[in-house]
Every structure is written in structure tokens, then in C-alpha cells.
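# Results of the structural survey
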Amino acid sequence: MNVNLIGREAQLAQLRRVLSDVAGRGAAVLVRGAPGIGKTSLLAATGALAKSLGFRLLHAVGVEAESNLPFGGLQQLLRPLGPALGEGAAPHRAALAAALGHAEAEVADVFMVGLAVLDLIADVAASAPVLILLDDVQWLDDATVSVLAFMARRIGSEPVVLVGAARDGYRSRLDPDELTTLALEPLSDEDAAALLADRAPDLRPAARRRLLAAAAGNPLGLTELSRTLGRAADPDETVLPLTERLERAFTDRVATLPATTRAILRVAALDDGSSLTELFAAARLLAGEAVGIAELEPALRARLVSVAGIELRFGHPLMRSAIQQTTPTAERQAAHGALAAVLDAHPDRQARHRAAATSAADETLAQALEDAALRAARRGAVAEAVTALEHAAALSGDPTGRTERLLRAADYAVELGRPESVNRLLDQAQTAPLSPRQHATVVWLRGSFDEGLGGHPGSVKSLTALAESVAADDRTLALRILWSAAQLCFWSEPGPEARRRVLDAVEHMVPDALDPWRLAICAYAAPVERGAYVLHGIRDVTPSDEDDGRAYRMLSTAMLLAGGFDAARAFAASGSVGLRAQGRLGLLARTAGAQAWSDIVVGDLGAAISATEESRRLARETAQTMMYALMTAIGAKLAALRGELDDALRLAEEAEEIGLPAGARPVLAIALIARGTAALAAGRFEEALGHFRRVHDPADPAFQVALRLTAVGDLVDAAIHCGRAEDVVPLVAELEDIAAVTPAPVLHAELRLARALLLDDDAGAEELFGAALRADLATWPLIRARTHLAFGEWLRRRRRSVESRDHLRVARDMLDALGAIPWGEKARRELRAAGETSRRRDPDARDQLTPHELQIVQLAAEGLTNREIGQQLYLSHRTVSSHLHRIFPKLGVVSRAELRTVVGDLR
């Protein structure tokens, strides 16, 4: 039996099951535990087991000194794949080459690197299953961890297992939802005694009891403390935490080594690489004498380090940290200086070591670090850019340069979603006098999280004033600040005066009436008052060929807020193309969200299912909390339309739990609309009316000036069916006044139906129904279908059953085709009451597939290959193939050609 695994048999058995099941599904496991608890031994045993099962092994080890090397962990992991790195789709090859430093190119988003790695490893796994072993995950660089997290969410259909180990006391940067956590507890008394008997069989009973108590079930403690048991005891040592006692044990062993060997270990402990050639060269400079493997031999014999090929490895990370912490400052700086002197071929690493070798300001060095930060950011390693910029600021000789570097670091930290880092960096920046532009930047960045909802009630006015104050000096910054103010007009209710301030500012700053910034800001700030301008202006705008998808996204949400949902869908579809190609999943979540809501409003529920699921998943993946809540509310509305009423209420509640404390009005508005729709579908008309009236009440936290325009027909429908039509007449009159201001297509379509439902005069009502159906509703199928349903119901209640049947049949067929199941069933009931029976609705792909599967089917039906579908959805092409293999039998098809027929039936 392997003594290193004493007490770990159950955990190894669990990992064996994971490996054995890899043909059915991939998995990700994170082993957690205290230093020395046996994580590395368990990983080694898992690797040996996997090898015996025919796995290919890839591994990487996090090292604290290397945690700021962009994609350093990824380079370790992929090094054995060699030539395979040059294979795959061209965009993936380019992204991976840039990330690994093999090419000078910009990585738009780390997720593109993630997809490249996922595809690469999936291809490797096609010939043999792959085990990815990751030790000391807490010290892997952020860029690598982002790629690993991306993979962990997507290996479920791949023959790939990821097993990582992380030290307790560090926040895991891998989401618990993405993996199974395996905790290693201290050994039992029996297991600890068995391990100690193997490690130190000659110990006297008293010494054995003392050591077992001191080690507290920690395997490394049992091993290392037994080696130092005979030395004179420090009277205070017994009260130290075990980790510190272990570090003392290591440093005591280092102290017995020759001076040259200690110099080598000192350099190795601070090195952010592991090359022996590099290490010996630096140690030679530090020691002032010849250094080679012979001088390292005493450390090898003491088992403090080992050599693997041309690399040096410490026996345990605590050995490295113990040396770092006990090295005096002057000696530590000298070691960093020696490393910097031998790293001419690695300018970014050289700059970091030069910086660590000095305590004095050095503007040349600060600039070198800033340049390294910008290179890291271009490669997608934003966290490393933040660290380098902060260090550059500390070395800045010029106060203005220091502030600029801190502000740029804070801007990057916003992109990472780290408010604590942003506030810390901004606090540092504010210790020096700020220019008006810098002050504006500080205020703006502090309010950049949770859609700016954490600010004070006057945030919109304050942001607008900030934008105006810097517009003359920095128009780009001014527009970014003003865009934040405009978006806050969507997420909150700042009042008419604040909205007018935003309009005045943008119209003064941007004279070009067709500028996308001006159109989008006006739509967010005043969707009603500037509705006509936005709707007419955007139709004349064509973003440039160089647009990366941002302009399309802005224009799609602008059209959505102005009520032009048909055009919003087209802009969102165009914008998503560029964002997908660049891997900008954060912006893609918002673009897909705009498409999902637009699909729901016009009635393309098949497309809405896919877009809603994707946007919600990506919002969560990119840590956009309020966007996730909004998409959860939109999912609730979609579920209600589909008749999935329990899901609708569950999702609405989840959205409200996030949105209510923050006062996120769009979240609350759509969640309330979803509740009303669910009540309407269930025939609970009084309840539905209560929900819809709240949406239109300015005093209610769910009131949102643009979104309320999509809930007019539902409001009147609920009121008519519970005999309270007179209660909503004033609201509809108010909405008629709004319609006189804006040509919003959705509002006018809804009002045409509302007028017909509310009119008491039969002749006049019939004419209004006719007018509603004569309107151009070709791109608004849901409103058209519900108008037919309402008219058929109205005719039947007036004993005109024969006439009603035509409208009810059309309504039934359209609503079935759209997937609005409760309303299709209502049309059947009305037809039955009118004397005509209907066959039951046959389930279609929307009922049989998950949203993810439906999205794959829709793309396959468009003729995309598996690889192209994978690039669109950020999956490996083999995962797409696995999904299609399961989907075909569900739908009863055997070819992609048949898929086109299935999907065609949903349109």
C-alpha cells in the first residue's frame, strides 16, 4: 500500500469512479485542504491511476512567484501538445498564439482563448481520454484560471476530467457550480499513527505522542516534524500554527546547507520561472562564484528540491514560502536584481524583477512595467495588467503619472468585476491632487458596478455634470460617463429633470444627429420623448465595417426601448456576429438579452428560448449580477407564455430577490409582467389585473417608462375578464397621450387591441377589431394572433358563433405555431363553445429539447457545421456532435435536412 495515501482511500475511490465514468461524461473536481494535508499525493495517485486506464495526462502547478505571469499556467499545461497548438480554426490558432506569446496580436477576450483550448483538448481527447491535473490552483495566474473555469463549464460531454487542488484559506476562483469539491480533513488518530510508524519507526512512545499531538493529523507535519524532533525546542514554538512550525522546520534544514546552495535556493524561491540554466546564471551573479548542479546537490539530498529535466521544483510550496519570508530585504532585492540581469530575452519578467529589486522611484522602470501591463491586457490577461500597473504606480517619479496608472488599473479592475480592487486603487489615486478629468474618472469608476444602482439618488445628475465638466478636454471619457448616466435612467427612475439634463448634454456634445452614441443615449434617457427621433434616425444608420459589434448592440437596445422590437431583433443579430467572433461574452450576454426580449414581444418564442438561455448563462459566467437577474425575469415571462407556470413563478421570485434590494426597475417590471402573464394564462384575472396595474403605477418600484408599453393589451384583457374595464380606462387614456408623442410600434399595436376591447358600442368595436387586423402586423405575430383570439371570443359572446370560428381557427393555429400554449388552448376552448372541435396540439421541438439543444438544432438547420456551431456557442465541435447524436432520436429524424423541416415548422 502507498503510505502517502493512508487515510485517503475513500477520496481516491471517488476519483477512480470519476475517471471510470469519463466515457459517459466529463467532470471537474477541486480537492481542498490545509497545507501539507495530502492534496499533491492524492493528485499524483490520481495521475498514476489515470495512466493505467489509458488517459493522456496534462498538468500544471501554480507557483506564487509566477502568479503574475499571463497565461503561465496555460503554457505549462499545453507544452506537451507541441505541434497540435498550430491546428484548429484560424481565429482559435491566432488567439492561442497571442495568449501564449507566440505572436504579437491582441486577444479581444480571454473567452476566445478558452474556446481555442477547449477545442484543442477535445481533439486530443478523441484518441484517448485526457486528465488535467492542477496543483496549487490558488497560485495559478488569473488568465489561466479564467480559461480553466471556461473549460470546466463545458467538458460535460467530453472525455476530459479536470482535477485541481487548492489550499484552504484562499478564495477559489473556480465557481462551485462548475465542479465537485472534495475536502481533505486531517487524518484520524489511527491513520496518523500508522503514517508516523512508517516515517519514524524508532521513535520512543513519549516522543510519538508529542509529535502526533503537534501534527494534528497533518501528513506533512508528521513527516517534517519527525525530522527535527531532536533539536532544542523553542519554548514558544508549541503555540505557533502548524504551517508556521513547518516553515520553521524547512528553514532550519536550509540553514545547515552550504552558503552557495542557500544562494541558489534563495534565487529559486523568488524566480517566476523554473529553468535551471536561468537559475544557475542568476545564482552565479549573486554568489560571485561558479554555480552548477554540484552546488545544488546538498539541497537535492535533503529533499528540499528536485530536478525534472531542465527544471527545478520545490518539494512543497511551504519550502519556497519559508525561504522567501526569512530572506532579509537586502538579500531578497539582490536576488531579484540577479534574476533581472539574466532575463534580457524576457522583457516583461525582467521589468518585474527590476521593480522588486528596488525601493526607490524610477520612472524608466515604471514605464517598462506599464508597457508590460498593456501587452498583458492585449493578450487578455487583464488581472496581470492591473498588478503591473499598480506596481508601476508605486515606482512612478511623477505624481501625475502615478495617478494615471492607478486610474488605468482601476478601469481594468472594473472589467474584472472586482469592486474591492477598484476602490483600493482609487483610494490610492486620491492621496494626490487630482485634475478635473481625473476626479471625474474616480467618481465614475466608483459607481461602475451593478449598473450604477449603488449610487445616491442624484447619481444621474452627478454623472451628467461630470461628463459636461470633462467634455472639452476628453470627449471620449465624457461620452462614456454620459452613457453610464443614460443606462442608469433605464435601471432606475431619476425623474424628468435628470433625464432632460442627459438629453441636453448629449445633444450639445454630439452635434451629429445620426451618431450611434447620441441615438442610444437619447433612447435610454427619454424613450418616449425622443422615440420618434430614435426610431427614424436608427433606420438611417449603418455601423461601419470596422464595428466590433458594440454599435449594433447599442442600437439594438435603443430600438428596443423606443418600441421598435422588430428592428431591434435585426440589430441584435448583426451585433452578435462580431461579438461572437471576438469572444466578448460579456457584451454578447447583453446583445442576446436584447434579442431575447424582442423575440418574446414580437412572438418568436422558439428563438426566444435559445436567446434567453444563452444570455442568462453568459451573464452569470461573466459576473453581471443585474443582467443575470434581468434575464431571469425575461425567462419567467417566456415560461408564462409557454404555459410553464410553476417555472414562471420560480424564476420571477429569483429575479425579484436580486432586483428588489437594488431597486432594479427593469428586473422588477418584467418579473411583475411575468407574474401577470402567468395569472392570465391560469385564468386568475383579478390577480393578473393587480400585477399589470402595478407596472403602470409611477409610485411602484416596478414602474419602468419603456417596458410598461409592452403590457397594455394584457392589462385590458385582464380587466375585461374580471368585469373591471372601467378601472383601466384612465390608464389607457394616459397611454393614448403617450402614443401621440411617440410612434413606438409596440404601443400602437397594443392600443389598437385595447381600444376594441374597451369600446361598449358593438358596431364601433367591430370596426376597431377590423382596423387592428388590417394594420401591418407581419412582424408582430403574437399581437396579431391574440387580436384574432380576442375578436373571435368577442363574436362568440354575441352569439355570432359561425363568424367567430374563422378568427378562432387562425388564432389557434398561430398560437400553436408560436408556442404560446395557454392561449392556443384557450382558442380551442372557445372553438368548442362555438360548436367546433380541434385536435390536440402535437408537441414540437420546443417541448422536447432543452434550450441549449434547441439552439444547436436551429444553427444546424441553418446549414452550419459542428465546428461553426461550436464557435457560435463557445462549445467544442465534439460536444456539438454529442448533442446532435442525442437530439436526432428525440425528434425522430436521421439527417440535417430533416432538421430544417422541423425547425421550419417553428417559424
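Residues numbered from 1 in each chain as written. Predicted model: local features only at pLDDT ≥ 70, side-chain atom pairs only at ≥ 80, totals over all residues. Heavy atoms only, no water.

What follows deals with the overall build of the chain. The helix and strand tally for the chain stands at 46 helices and seven strands. Against the globule reference of 29 Å for 907 residues, the chain gives a C-alpha radius of gyration of 32 Å, in line with a compact fold. In terms of overall dimensions, the chain has C-alpha extents of about 105 × 65 × 50 Å along its principal axes. The buried share of the chain, reckoned over its 907 residues, is 56%. Pairs at least 24 residues apart make up 69% of the contacts formed inside the chain by residues separated by at least 6 positions. (Helix = DSSP H or I, 4+ residues; strand = E, 2+ residues; numbered from the N terminus. Rg over C-alpha atoms; globule rule 2.2 N^0.38 Å. Buried < 20%, exposed > 50% of the residue type's maximum accessible area, 1.4 Å probe, protein only. Contact = heavy atoms within 4.5 Å.)

Turning to unusual backbone geometry, a few remarks are in order. The backbone phi angle of Ala623 is positive, close to 60 degrees, even though this residue is not glycine. Relative to the elements of secondary structure, Ala623 occurs in the loop between α30 (605-621) and α31 (625-642). One non-glycine residue, Tyr874, lies in the positive phi region at around 60 degrees. Along the polypeptide, Tyr874 turns up in the loop between α44 (866-873) and α45 (877-891).

Further remarks concern the sheet that holds strand β4 (residues 160-167). Pairing in this open sheet of five strands is parallel, and the strands run β2-β3-β4-β1-β5 from one edge to the other. Each edge of the open sheet carries a strand with a single partner, namely β2 (56-61) and β5 (180-183). Adjacent strand axes in the sheet meet at a mean angle of 20 degrees when their direction is disregarded. Across five bridges, the pairing between strand β3 (residues 130-135) and β4 is parallel. (Pairing = 2+ DSSP bridges. Axes fitted to C-alpha atoms, helices over the stretch in contact; angles between N-to-C directions.)

Another aspect to go through is the packing of helix α11 (residues 259-270) against helix α14 (residues 317-326). Remark: α11 packs on α14, axes separated minimally by 9 Å, with the N-to-C direction vectors making an angle of 105 degrees. The angle between α11 and α14 falls in the class roughly perpendicular. The segment α11 lies against α14, with Leu265, Arg266, Ala268, Ala269 and Leu270 engaging Arg320, Ile323 and Gln324. Along the lines of polarity and charge, the residues of the contact of α11 with α14 split into five nonpolar, one polar and two charged. (Parallel < 35°, antiparallel > 145°, perpendicular 65-115°, else oblique. Nonpolar A, V, L, I, M, F, W, Y, C, P; charged D, E, K, R; others polar.)

This paragraph deals with the packing of aromatic side chains. Per the counting criterion, the structure on display carries eleven aromatic pairs. Taking the centre distance of 5.4 Å and the plane angle of 80 degrees together, the rings of Phe490 and Trp491 count as edge-to-face. The pair Phe490 / Trp491 is uniform in exposure class, with both members buried. (Phe/Tyr/Trp six-rings, centres within 6.5 Å; stacked < 30°, edge-to-face > 60°.)

Let us look at the packing of helix α32 (residues 645-662) against helix α33 (residues 665-681). Where α32 meets α33, the closest approach of the two axes is 9 Å, and the angle between their N-to-C directions is 160 degrees. By the angle between their axes, α32 is roughly antiparallel relative to α33. Note on packing geometry: the crossing formed by α32 with α33 is left-handed. Contacts from Leu645, Ala648, Leu649, Ala652, Glu653, Ala655, Glu656, Gly659 and Leu660 in α32 reach Val667, Leu668, Ala671, Leu672, Arg675, Ala678 and Ala681 in α33. (Left-handed = near helix turned anticlockwise from the far one by under 90°.)

Attention shifts here to the pairing of strand β7 (residues 311-314). Every second residue of β7 is oriented toward a common face, the buried set being Leu312 and Phe314 and the non-buried set Glu311 and Arg313. Taken together, strand β6 (residues 305-308) and the strand that follows it, β7, pair antiparallel across an intervening segment of two residues, in which Gly309 is found at a positive phi of about 70 degrees.

Turning our attention to the side chain of Thr710. Following the sequence through the fold, Thr710 ends up in the loop between α34 (685-695) and α35 (712-721). Of note is the side chain of Thr710, whose polar atom sits 2.8 Å from the backbone oxygen of Leu707. (Polar contact = N/O pair within 3.5 Å; in protein donor to acceptor, adjacent residues only side chain to side chain.)

Let us now look at the side chain of Thr260. Mapping Thr260 onto the fold places it in helix α11. In contact with Thr260, other than residues within four places in its own chain, are Glu289, Val291 and Glu295.

So, on to the environment of Leu78. Tracing the chain through its elements places Leu78 in helix α3 (residues 72-78). A C-alpha to C-alpha distance of 32 Å links Leu78 and Thr261, two positions 183 residues apart in sequence. The residues contacting Leu78, other than those within four sequence positions of it, are Leu85, Leu96, Leu100, Val117, Leu120 and Ile121.

Considering all chains together, one arrives at 57 salt bridges under this definition. Residues Arg590 and Glu451 are paired through a salt bridge, measuring 2.5 Å at the closest nitrogen-oxygen approach. One end of the pair, Arg590, is in helix α29 (residues 585-602); the other, Glu451, is in the loop between α21 (436-446) and α22 (459-470), with 139 residues separating them in the sequence. A relative accessible area of 16% means that Arg590 is categorised as buried. Residue classification places Glu451 among the buried positions, given a relative accessible area of 17%. In this structure, the salt-bridge partner of Arg828 is Asp816, at a minimum N-O distance of 2.6 Å. Taken together, the residues span a long stretch of sequence, with Arg828 in helix α41 (residues 821-833) and Asp816 in helix α40 (residues 801-818) at a distance of twelve residues. (Salt bridge = Lys/Arg side-chain N within 4 Å of Asp/Glu carboxyl O.)

Once that is clear, we can look at helix α39 (residues 781-797). Across its 17 residues, α39 extends 24 Å between first and last C-alpha, which sits within 8% of the 24 Å expected from 1.5 Å per residue. In terms of burial, α39 is largely enclosed, as 13 of its 17 residues are buried. Immediately downstream of α39, the backbone of Arg799 shows phi near 60 degrees, a positive value. (Expected span 1.5 Å × (residues − 1).)

Attention now moves to the confidence of the model for the chain. Residues with a pLDDT of 70 or more make up 95% of the chain, whose mean pLDDT is 89. Counting interchain partners and residues more than four positions distant, the pLDDT-below-50 stretch residues 230-240 has nine contacts. (pLDDT = per-residue confidence, 0-100.)

The buried fraction of β4 is high, at eight of eight residues. Where burial is concerned, the two faces of β4 agree: the one with Val160, Leu162, Gly164 and Ala166 and the one with Val161, Val163, Ala165 and Arg167 are both buried. Where strand β1 (residues 27-33) meets β4, seven bridges bridge the pair, whose relative direction is parallel. Each bridged residue has a counterpart across the sheet, and for Leu30 the counterpart in β4 is Gly164. Chirality of the crossover, the property in question, places the unit of β3, helix α6 (residues 142-152) and β4 among those that are right-handed. (Right-handed = clockwise from strand over helix to strand, strands pointing away.)

What follows is about helix α23 (residues 475-491). Between its terminal C-alpha atoms α23 stretches 24 Å, which fits the 24 Å expected from 17 residues at 1.5 Å a residue. Taking burial as the measure, the 17 residues of α23 include 13 buried ones, the bulk of the element.

The next thing to look at is the environment of Arg25. Inspection of the secondary structure assignment puts Arg25 in the loop between α1 (9-20) and β1. Setting aside residues up to four positions removed in sequence, Arg25 forms contacts with Gly156 and Glu158.

Following the sequence through the fold, Ile6 ends up in the segment before α1. Since its relative accessible area comes to 11%, Ile6 is described here as buried. Distance from Ile6 to Ala194, taken between C-alpha atoms, is 7.8 Å for residues 188 residues apart in sequence.

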